[in-house]
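One-letter residues, chain by chain:
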Amino acid sequence: MGHKLKIAGWLAVGAVAGALTTVQFQAVARSTLAPLPLEELQQLAAVFGMVKTDYVEPVDEKKLISEAISGMVASLDPHSQYFDKKDFKAFREGTSGRFVGVGIEISMEDGLVKVVSPIEDSPAFRAGLKSGDLITKIDDTMVKGLTINEAVKLMRGEPRTKVLLTIFRKDENRSFPVTITREEIKTQSVKSRVVEPGYAWVRVSQFQERTIEDFSRKVEDIYKANPNIKGMVLDLRNDPGGLLDAAVALSAAFLPEGVTVVSTNGQLEDSKFVYKAIPQHYLRRGGSDPIKRLTDATNGALRKVPLVVLVNEGSASASEIVAGALQDHKRATIMGSQTFGKGSVQTVRPLGPDTGLKLTTARYYTPSGNSIQAKGIVPELMVDETLEGNVFAALRTREADLQKHLEGTDEAKRNGQPMTDAERAAERQRDLDREEARKRLEDEARKNPGQRLVPEFGSEKDFQLQQALNHLKGKPVLVSKTLTARSEEKKEQ
């Protein structure tokens with residue numbers, strides 16, 4: 001099992017359950033509480049006392065309480081989480097798009113950290129690190145045996161501190177040390193380029209605080225250089241989500257002003273809300289409106305240009321909000337494979353200056369009123385990731401595969417009824433498909449050491465992108481002969 005997880009993680013680093021989130025921030029938690037269950041609280045206090053006095057060695061009381069809170073919240077669903085000081089800092093860095101480190105995008109290869117690409121003008125970029133470089137040692141710690149998160153923590157730190165990386169460069173067959181001074185890194189969640197005359201590709205890899213500003217600036221630059229864009233591909237593949245207001249803003253860039261983007265519904269009154277394509281529903285604390293600036297600069301072209309949205313199993317949460325809104329309003333053709341299926345919103349509430357709570361507070365619904373929880377967005381055109389088919393898609397985990405996932409609407413209607421024979425057979429088949437995909441991945445890795453097994457998004461070899469361009473040009477699209485929509489599934493009782 002551990003080996004399977006290692007392979008899957010290598011294939012899609014970063015698309016882990018904890019990252020798949022649509023969040024909104026709320027400053028103060030509600031203080032209204034129902035009567036507390038006194039008997040259970042007395043049991044909790046009794047257990048705490050027994051652990052403190054009877055355990056084989058002394059325990060840290062604060063750590064014990066922190067772990068109890070963490071366990072309570074984690075028991076709810078895969079996306080609710082208690083943040084201690086370190087976790088809260090990391091989460092804020094993730095949503096802000098800023099962190100202190102060396103500035104590289106990484107994956108894992110053969111148990112080592114592989115440089116996918118250095119971020120432009122970062123310390124790693126200036127130090128000469130290249131795509132394909134392998135990091136074998138971080139300061140005095142060997143990388144072999146570390147998880148990717150453990151390696152990331154070692155490379156991050158305080159500004160102006162140094163980290164020594166030992167690099168193995170395959171094409172030169174040599175190892176060498178590089179000392180890099182950490183500094184604040186601003187990640188780029190948006191990439192764009194004109195892939196063919198008249199056709200633009202815009203990729204959003206995550207919804208962060210700076211995403212909409214970056215998106216508006218890059219698309220504005222495209223239109224300045226190419227005012228007669230005939231079609232656009234919005235690439236949301238492997239986009240794990242992020243900020244709710246950023247998803248609403250990106251949808252508003254393509255939709256008529258005032259239409260519904262997404263609605264939410266939960267226990268709290270302020271979790272029942274309809275978000276529309278208007279500035280009041282995506283702007284924070286006033287300020288300039290990058291979507292209005294973009295609309296004015298392009299004379300509204302972005303709301304009319306033919307549009308294809310690419311999605312896959314790694315497209316989750318905020319990216320599903322965008323895909324669902326554009327699909328329901330018939331503003332774009334959705335292509336690729338069925339999305340992750342995370343149809344819930346998490347609210348982040350500070351508990352103190354350094355700790356916080358990320359709590360699932362609502363389900364969200366597409367403009368047509370559909371919940372995608374544990375189901376996802378189903379593309380109009382199912383397209384494999386390569387000409388040979390969906391090579392490794394079976395390895396990717398979806399919301400319905402996660403333990404304790406929030407039930408979707410169809411699941412709730414079933415009220416805990418056991419799986420049907422057909423559903424059990426489908427589950428067994430998915431396990432077989434995953435095992436076959438894992439073996440194929442291992443074989444391909446042995447035959448082609450150091451090479452990408454799936455083409456880079458946006459490259460000339462990107463099969464799904466080429467099919468999207470064919471659709472925009474009115475040419476035939478090579479649709480999948482094997483992909484089918486996967487329905488909501490019941491959690492095993």
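Q: What is the right way to look at the overall build of the chain in this model?
A: A tally of helices and strands in the chain yields 13 helices and 21 strands. Across the 493 residues of the chain, 47% fall into the buried class. Considering only contacts in the chain between residues 6 or more positions apart, those separated by 24 or more positions represent 72%. A total accessible area of about 25,000 Å² is found for the chain, and carbon and sulfur atoms account for 53% of it.

Q: Where do I start with helix α3 (residues 61-74) in this structure?
A: The α-helix advances 3.6 residues per turn, and as a result positions three or four apart in sequence lie on the same side. Given a rise of 1.5 Å per residue, 14 residues ought to cover 20 Å, and the 20 Å separating the end C-alpha atoms of α3 matches this to within 8%. By the N-cap criterion, in which a side-chain oxygen at the helix start approaches the backbone nitrogen of a residue two or three places on, α3 is capped by Asp60, the distance to Lys62 being 2.9 Å.

Q: Before we go on, may I ask you to explain the packing of aromatic side chains in this structure?
A: Aromatic ring pairs: the centre-centre distance and the angle between the two ring planes describe each pair. Enumeration over the complete set of coordinates arrives at 3 aromatic pairs. For the pair Phe83 and Phe88, a centre-to-centre distance of 5.6 Å together with 15° between the ring planes defines the contact as stacked. For Arg92, the ring lying beneath its charged end belongs to Phe88, and the centroid distance is 4.0 Å. Taking the ring centre of Phe457 as reference, the NZ or CZ of Arg237 above it sits at 4.0 Å.

Q: Any chance you could explain the sheet that holds strand β21 (residues 381-382) here in plain terms?
A: Within a beta sheet, neighbouring strands are joined by backbone hydrogen bonds and run either parallel or antiparallel to one another. Judged by pairing direction, the sheet is mixed, and its 6 strands sit side by side in the order β11-β12-β13-β17-β18-β21 without closing on themselves. One side of each edge strand has no neighbouring strand; the edge strands of this open sheet are β11 (190-196) and β21. Pairing analysis gives 6 bridges linking β11 to strand β12 (residues 199-204), with the strands arranged antiparallel. By the bridge assignment, Ser192 is partnered in β12 with Val202. Packed onto the sheet, helix α7 (residues 211-225) meets β11, β12 and β13 (231-235) and runs at close to 20° relative to β11.

Q: Before we go on, may I ask you to explain unusual backbone geometry in this structure?
A: The residue Asn173 is not glycine, and still its phi comes out positive at about 50°. Locating Asn173 in the fold gives a position in the loop between β8 (162-169) and β9 (174-181). Looking at Asn173, the relative accessible area reads 62%, which means it is exposed.

Q: What am I meant to see in the side chain of Thr211 here?
A: Within the secondary structure, Thr211 is located in helix α7. Within the local environment of Thr211, its side chain forms a polar contact with the backbone oxygen of Gln206, the two atoms lying 3.0 Å apart. Ignoring sequence-local partners within four residues, the contact set of Thr211 consists of Ser189, Val190, Val204 and Gln206.

Q: Help me out: how do you make sense of α7 in this one?
A: Under the 1.5 Å per step criterion, the end-to-end length of α7 is 21 Å for 15 residues, consistent within 8% with the ideal 21 Å. Among the residues of α7, Thr211, Ile212, Asp214, Phe215, Ser216, Lys218, Val219, Glu220, Ile222 and Tyr223 are the ones counted as buried.

Q: How do you make sense of the confidence of the model for the chain when you look at a structure like this?
A: Caution applies to low-pLDDT parts of the model: their predicted coordinates are not meant to be read in detail. When pLDDT is averaged along the chain, the result is 84; 81% of the residues meet or exceed 70. pLDDT under 50 marks residues 489-493. Its contacts with residues more than four places away, or in other chains, come to 17 contacts.

Q: Would you mind showing me how to read the pattern of salt bridges here?
A: Between side chains of opposite charge, pairing is possible as soon as their charged atoms come close. According to the stated counting rule, one finds 20 salt bridges in the structure shown. In this structure, the salt-bridge partner of Glu158 is Lys89, at a minimum N-O distance of 3.6 Å. Of this pair, Glu158 sits in the loop between α6 (148-155) and β8 while Lys89 is found in helix α4 (residues 85-96), placing the two residues 69 residues apart along the sequence. On the accessibility criterion, Lys89 (44% relative accessible area) is partly exposed. When the shortest N-O distance is used, the salt bridge between Glu220 and Arg293 registers 3.4 Å. Of the two residues, Glu220 is situated in helix α7 and Arg293 in helix α9 (residues 290-297); the sequence distance between them amounts to 73 residues. The class of Glu220 is buried, set by a relative accessible area of 14%. Its relative accessible area of 32% is what places Arg293 among the partly exposed residues. Each of Asp133, Arg169, Glu172 and Arg174 takes part in one network of salt bridges that share partners.

Q: For this particular structure, what's the right way to read the side chain of Ser189?
A: With respect to the element layout, Ser189 can be found in the loop between β10 (183-186) and β11. There is a polar contact of 3.5 Å between the side chain of Ser189 and the backbone oxygen of Gln206. A polar contact of 2.7 Å, which involves the side chain of Ser189, links it to the side chain of Thr211. If we ignore the near neighbours within four places in the chain, the residues touching Ser189 are Arg203, Val204, Ser205, Gln206, Gln208 and Thr211.

Rules and cut-offs
Residues numbered from 1 in each chain as written. Predicted model: local features only at pLDDT ≥ 70, side-chain atom pairs only at ≥ 80, totals over all residues. Heavy atoms only, no water. Helix = DSSP H or I, 4+ residues; strand = E, 2+ residues; numbered from the N terminus. Buried < 20%, exposed > 50% of the residue type's maximum accessible area, 1.4 Å probe, protein only. Contact = heavy atoms within 4.5 Å. Areas by Shrake-Rupley, 256 points an atom, 1.4 Å probe, with all protein chains shown as cover. Expected span 1.5 Å × (residues − 1). Polar contact = N/O pair within 3.5 Å; in protein donor to acceptor, adjacent residues only side chain to side chain. Phe/Tyr/Trp six-rings, centres within 6.5 Å; stacked < 30°, edge-to-face > 60°. Lys NZ or Arg CZ within 6 Å of the ring centre and 35° of its normal. Pairing = 2+ DSSP bridges. Axes fitted to C-alpha atoms, helices over the stretch in contact; angles between N-to-C directions. pLDDT = per-residue confidence, 0-100. Salt bridge = Lys/Arg side-chain N within 4 Å of Asp/Glu carboxyl O.

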